[in-house]
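Structural overview
These are the residues of each chain, in order.
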Amino acid sequence: MKSKSKKDQGKDRSHIEIRRDWCKGCGICVAFCPKKVLALDENEKAIIERPDECDQCGLCELRCPDIAIEITTL
Amino acid sequence: MAVRDYIRERFMPHIWCAGCGHGIVMNNLIRAIEVLGLKKNDIVMVSGIGCSARISGYLDFHTLHTLHGRALAFATGVKLGRPDLHIIVPMGDGDATAIGGNHFIHAARRNIDITAVIMNNHIYGMTGGQYSPLSVYGRMATTAPFGNIDQAFDIVGLAQSAGASFVARTTSYHATSMIKIFQKAITHKGFSVVEVLSQCPTYYGRKNRLGDAVEMMEFFKKNTTPLGSAAKEKNPDLIERGIFVQEDRPEYCAEYKKIIKKAMGEQ
Amino acid sequence: MNKKTLFLQGNEVCVEAALYAGLDFFAGYPITPSTEIVEHLASRLPQKGGCFIQMEDEIASMCAIIGASLTGMKAMTATSGPGFSLMQEAIGYAVMAEIPCVIVNVQRGGPSTGMPTSVSQGDVMQARWGTHGDHAIITLTASNHQDVFAMTVEAFNLAETYRTPVILLLDEVVGHMREKLLMPEPAEIPLIERLHTSVKEGTDYHPYLPREDGRLPMSDFGGVHRYNVTGLVHDMWGFPTNNPKIAHGLMRHIVDKIENRVSEITRVKEYFLDDAEGILLSYGSSARSALHVVKNRRKSGERLGLLELQTLWPFPAELVRERCAHAKYVLVVELNMGQILQEVKKAVDDPSKVFLANKVDGTFITPTDIRNVIRLILGKGV
């Protein structure tokens, strides 16, 4: 994911994918998401709670210690 | 290539604890390499022993997992054998500044084209929370039950005075600038050192009541400032981050090529 | 053919032989009495386009040659006593990760700083067991310059054949002595080059899966196969594992590849053994005095023979047992407190007939010293 192209993307043109088997539930993505898109579920795995709020800043992807988050451009 | 194309997926999830800063370092190191468009066959990752050293096993490069503290010595041999390859050495507190301290200053002094990424989490994680040469004075560790009376090394100062021609500091919180710094460090011709302040919530955080990974990253956010900022003047306790040294200096392998020319001419 | 005759120090011979064997990379740290190797390579190696580096210590030197070897280079380091101690951890790494390399130890008096400028053969057991854990090791030695040359080349050949570190144990007398060397012609001594894998890019390559003959074809770092090298117990791809079955298999492999090939690895020189009643068994510089005694006493009809070991490890126990079977006594001549003596006692049918002629005072053992011990054995008094 190149940050350059990210700015050009429309809001609805990306998709956040979370690999549950890699996620260790540290909560870093949840805490630092500027739009509060993410949350931890009852199994302490990250989930996308409010996908519409996501503005694809990509910080969750970059700060994930488990490399469990991937934002793909549709 | 996608980030996951650089990972040996069969070993994931990795061994690091939840919230460990080392995962963030690995994450952004891959991204820097991806942006640079380097070929996987052109990268050798050499690591020592410790939590940080485990990075090499997860990445799909030529990987050499060596002895505690000796990664830079092994890396020196690899680099001189194949000067065209990119050599990246992830290190922790012990590898870089304790058992491997001598190799660190000498690799810096030679200015050999190797990138050392030092994950400073102020503690020995793999063996369970003993103090390191990077533990802050007064902090607790399993081997400092009454508080640490050792003074910590300043990696940036150490690298700078030892002769590294690229020296930078960043934190696990500052992911985007970390990627840029890694890019510059890897492409720099000479010995490059990137100190990344990294959280160990399991030992350093818990022993010292510093909170969880998020709180420790908040600390990096609040207590660091870009190099040369006005904030530092107001609050000298702030830790500076950014690129401290970036200079063109004679690189070791290039210098040795000249030696070969001289030696062959003299024959 | 008129061979080039040179008059050199043993350490210089070692340098010339290493270059003959195709040395590409040397890392070292100066230490008496091996320093001349470092000095000569500093000028000789770049003349051939190779790389010399003086590292910050012997630990780094040993590590650097392993790193260089992984890029396909023939790599060597050289040291003495204290430096050899420092190298032990990384020698174990080279054993475990199966990295070909050569370590020269020009022995001096020990322990500790000991007698830096004096001769000793006190590191024989350290060569065998200096690094921790069960393992096998190849160790060669030589008593004269022609043999220093041959054994140095042999060290490289065995390192490449068995993907293992090989230790060349010289001693101060051999290292510093000057004598004649008839320089072998190019290609006169066969060289064994690295066995590279024929596995093509994109096909699964197993760096740690031995072939039927026990050899493991390598792929150089920077090549098309990306794999892992570690000192941890590892699987056939080089990745760490705790699987007891794999761990057992790996331990057996690194030991068996050497211990099961003792006869292929053994190099000895035999002098007048056929009818020998007394056999001197020696190696390195002390074998020179032993040979002198044997030749001298033969003139007066004394049936003495010499078995000179050039391979110390793996110890050629079977050969020693067989050669010594009919001797009335075996006298081990060495400059230590009996390190090879114990191996000989273990090897022969009757350990009570094995004796020791030694010196540990930093001086060289003379033919008279040996002769005096023989007189004692024969009940003649000194």
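Residues numbered from 1 in each chain as written. Chains lettered and ligands numbered in written order. Predicted model: local features only at pLDDT ≥ 70, side-chain atom pairs only at ≥ 80, totals over all residues. Heavy atoms only, no water.

1. Structural notes on the overall build of chain A
Helix and strand counts for chain A stand at 3 helices and 4 strands. Counted from the first residue to the last, chain A has its helices and strands arranged as α-β-α-β-β-α-β. A buried classification covers 46% of the 74 residues belonging to chain A. At a minimum sequence separation of 6, the contacts of chain A that also span at least 24 residues come to 56%. When the accessible area of chain A is evaluated, it comes to approximately 4000 Å², of which 48% is carbon and sulfur surface. (Helix = DSSP H or I, 4+ residues; strand = E, 2+ residues; numbered from the N terminus. Buried < 20%, exposed > 50% of the residue type's maximum accessible area, 1.4 Å probe, protein only. Contact = heavy atoms within 4.5 Å. Areas by Shrake-Rupley, 256 points an atom, 1.4 Å probe, with all protein chains shown as cover.)

2. Observations regarding the interface of chain C and chain B
The partner chain B presents 37 residues to the 43 residues of chain C that form the contact. For the pair chain C and chain B, the two sides together bury roughly 3300 Å², of which 60% comes from carbon and sulfur. Residues Glu56 of chain C and Arg110 of chain B are paired through a salt bridge, measuring 2.5 Å at the closest nitrogen-oxygen approach. The interface formed by chain C and chain B contains 14 residue pairs in polar contact (both at pLDDT 80 or more). Elements supplying a minimum of two residues to the side of chain C that touches chain B: helix H2 (35-47), strand S3 (51-54), helix H3 (58-69), helix H4 (81-97) and strand S10 (228-230) of chain C. Sort the elements by how many residues they give to the side of chain C that touches chain B and H3 of chain C lands first, with 7 residues. Residue classes in the side of chain C that touches chain B are distributed as 23 nonpolar, 12 polar and 8 charged. Pairing of strand S2 (residues 62-65) of chain B with S10 of chain C, which is carried by 3 bridges, proceeds in the parallel orientation. Bridge assignment links Thr63 of chain B to a residue of S10 of chain C, and that residue is Asn228 of chain C. (Buried area = accessible area lost by both parts, 1.4 Å probe. Salt bridge = Lys/Arg side-chain N within 4 Å of Asp/Glu carboxyl O. Polar contact = N/O pair within 3.5 Å; in protein donor to acceptor, adjacent residues only side chain to side chain. Nonpolar A, V, L, I, M, F, W, Y, C, P; charged D, E, K, R; others polar. Pairing = 2+ DSSP bridges.)

3. Observations regarding the pairing of strand S6 (residues 192-197) of chain B
Residue and element names in this part refer to chain B. Most of S6 sits inside the fold, with 6 of its 6 residues counted as buried. Every second residue of S6 is oriented toward a common face, with Ser192, Val194 and Val196 on one face and Val193, Glu195 and Leu197 on the other, all of them buried. Bridging between strand S4 (residues 115-120) and S6 involves 6 bridges; their strand directions are parallel. Bridge pairing links Asn120 to Leu197 in S6. The pairing of strand S5 (residues 166-171) with S6 spans 6 bridges and is classified as parallel. Residue pairing in the sheet places Phe166 in a bridge with Ser192 of S6. Regarding the hand of the β-α-β motif, the stretch spanning S5, helix H7 (residues 175-187) and S6 is right-handed. (Right-handed = clockwise from strand over helix to strand, strands pointing away.)

4. Topic: the arrangement of the chains
Ranking by contact count across 2 pairs of chains in contact places chains B and C at the top. As for chain C relative to chain A, no contact occurs, and the smallest C-alpha gap between them is 20 Å.

5. Structural notes on the state of the cysteines
Residue and element names in this part refer to chain A. Within this structure, the stated rule accounts for 0 disulfides over all chains. Of the cysteine sulfurs around Cys33, a residue in no disulfide, the closest is that of Cys57, at 6.1 Å. A residue is classified by how much of its surface remains accessible, and Cys33, at 11% relative accessible area, is buried. (Disulfide = S-S within 2.5 Å.)

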